[in-house]
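Residue-level listing of the chains:
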Number of protein chains: 2
Amino acid sequence: MEIVGFIAACLTTAAFLPQVYKTWKTKDVSSLSLPMLVMFFVGICLWLIYGVYKESPSMICANAITIVSAIMLIYFKLKYQKQ
Amino acid sequence: MEIVGFIAACLTTAAFLPQVYKTWKTKDVSSLSLPMLVMFFVGICLWLIYGVYKESPSMICANAITIVSAIMLIYFKLKYQKQ
C-alpha cells in the first residue's frame with residue numbers, strides 16, 4: 001500500500017517542477033504571489049512534520065522535495081520582483 | 001499531533017484557491033499545462049486513497065478539497081483553451 005503513496009508523491013512532486021523551470025527560464029514572477037508562496041512553504045513544512053509523525057516514507061520524501069521547489073520559487077520571486 | 005496535519009491541510013489547500021479564482025476571472029489558461037493538471041489530479045486522488053489507508057483525517061480532507069480545485073482547473077483549461 002505504501003506504493004500508492006510513492007506514486008502519489010512522484011506525480012504531485014513532478015507537477016511542480018515545470019513551474020520552477022518556467023519561472024527560472026522566463027524570470028517572470030508577476031503571476032506569483034509571495035504571501036501564497038510563503039503560506040504554501042509553511043504548509044509543506046507542517047506536512048513533512050506530520051509525515052514523520054505518521055511514519056510515512058512517501059510523505060517525508062514528497063514534502064522534502066517540494067520544500068526545495070517552494071524555496072526556489074520564493075527566491076526567484078524576491079530576486080526578480082523589481083526587475 | 002493531528003492539529004499539525006490540519007494546519008498543513010488548511011495552508012496548502014488555501015494556496016490553490018487564488019489560482020482557481022484567477023483562472024476563473026481572467027479565463028487565461030495559456031500558462032496551464034493539461035498533462036501537468038491531469039498528473040496532479042491523479043496524484044491527489046492517490047494521496048486521498050493513501051490518506052484513507054493511513055487513517056489520516058487531515059490528508060483525507062485536504063486532498064478531497066484539492067481534487068475539486070484540480071477538476072475546476074482542468075475544466076477551465078478544456079473550456080477556454082480554444083478561445
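Residues numbered from 1 in each chain as written. Chains lettered and ligands numbered in written order. Predicted model: local features only at pLDDT ≥ 70, side-chain atom pairs only at ≥ 80, totals over all residues. Heavy atoms only, no water.

Chain A carries the name MtN3 and saliva related transmembrane protein in an unreviewed UniProt entry, which gives Neotamlana nanhaiensis as its organism. We quote the UniProt Subcellular location (unreviewed entry) comment for chain A here in full: "Membrane". (UniProt positions renumbered as here; feature names shortened; annotations may be inferred.)

Draft legend 1. The arrangement of helix 1 (residues 2-14) of chain A in detail. Helix length check: helix 1 of chain A, at 13 residues, gives a terminal C-alpha distance of 18 Å against a target of 18 Å (1.5 Å per residue), a fit within 8%. Of the positions making up helix 1 of chain A, those classed as buried are Val4, Gly5, Ala8, Ala9, Thr12 and Thr13 of chain A. End-on view of helix 1 of chain A: buried residues confined to an arc of 150°, all on one side of the axis. In helix 1 of chain A, the exposed positions that point more than 90 degrees away from the buried face belong to Ile3 and Cys10 of chain A. On its buried face, helix 1 of chain A is in contact with helix 2 (17-26) and helix 4 (57-80) of chain A together with helix 3 (34-53) of chain B. (Helix = DSSP H or I, 4+ residues; strand = E, 2+ residues; numbered from the N terminus. Expected span 1.5 Å × (residues − 1). Buried < 20%, exposed > 50% of the residue type's maximum accessible area, 1.4 Å probe, protein only. Arc of directions from axis to C-beta. Contact = heavy atoms within 4.5 Å.)

Draft legend 2. View of the layout of surface pockets. As a volume, the largest pocket reaches approximately 1100 Å³. What lines the largest pocket is a set of 33 residues, among which Gln19, Ser31 and Leu32 of chain A together with Gln19 and Leu32 of chain B lie closest to the centre. Partitioned by chemical class, the residues of the lining of the largest pocket number 18 nonpolar, 11 polar and four charged. (1 Å grid on protein atoms, 1.4 Å probe; cavity = no way out; pocket = protein on both sides within 12 Å on 5 of 7 lines; lining within 4 Å. Points joined across faces, edges and corners; volume = space filled by probe spheres on them. Nonpolar A, V, L, I, M, F, W, Y, C, P; charged D, E, K, R; others polar.)

Draft legend 3. A look at the packing of helix 3 of chain B against helix 4 (residues 57-80) of chain B. All names here are of chain B. Running from amino to carboxyl end, helix 3 crosses helix 4 at an angle of 160°, the nearest separation of the two axes being 9 Å. The angle between the axes of helix 3 and helix 4 places the two elements in the roughly antiparallel class. At the point where helix 3 passes helix 4, the crossing takes the left-handed sense. Residues Leu34, Leu37, Val38, Phe40, Phe41, Ile44, Cys45, Trp47, Leu48, Tyr50, Gly51 and Val52 of helix 3 touch helix 4, and the partners they reach there are Met59, Ile60, Asn63, Ala64, Thr66, Ile67, Ala70, Ile71, Leu73, Ile74, Lys77 and Leu78. Residues that form the contact of helix 3 with helix 4 fall into these classes: 20 nonpolar, three polar and one charged. (Axes fitted to C-alpha atoms, helices over the stretch in contact; angles between N-to-C directions. Parallel < 35°, antiparallel > 145°, perpendicular 65-115°, else oblique. Left-handed = near helix turned anticlockwise from the far one by under 90°.)

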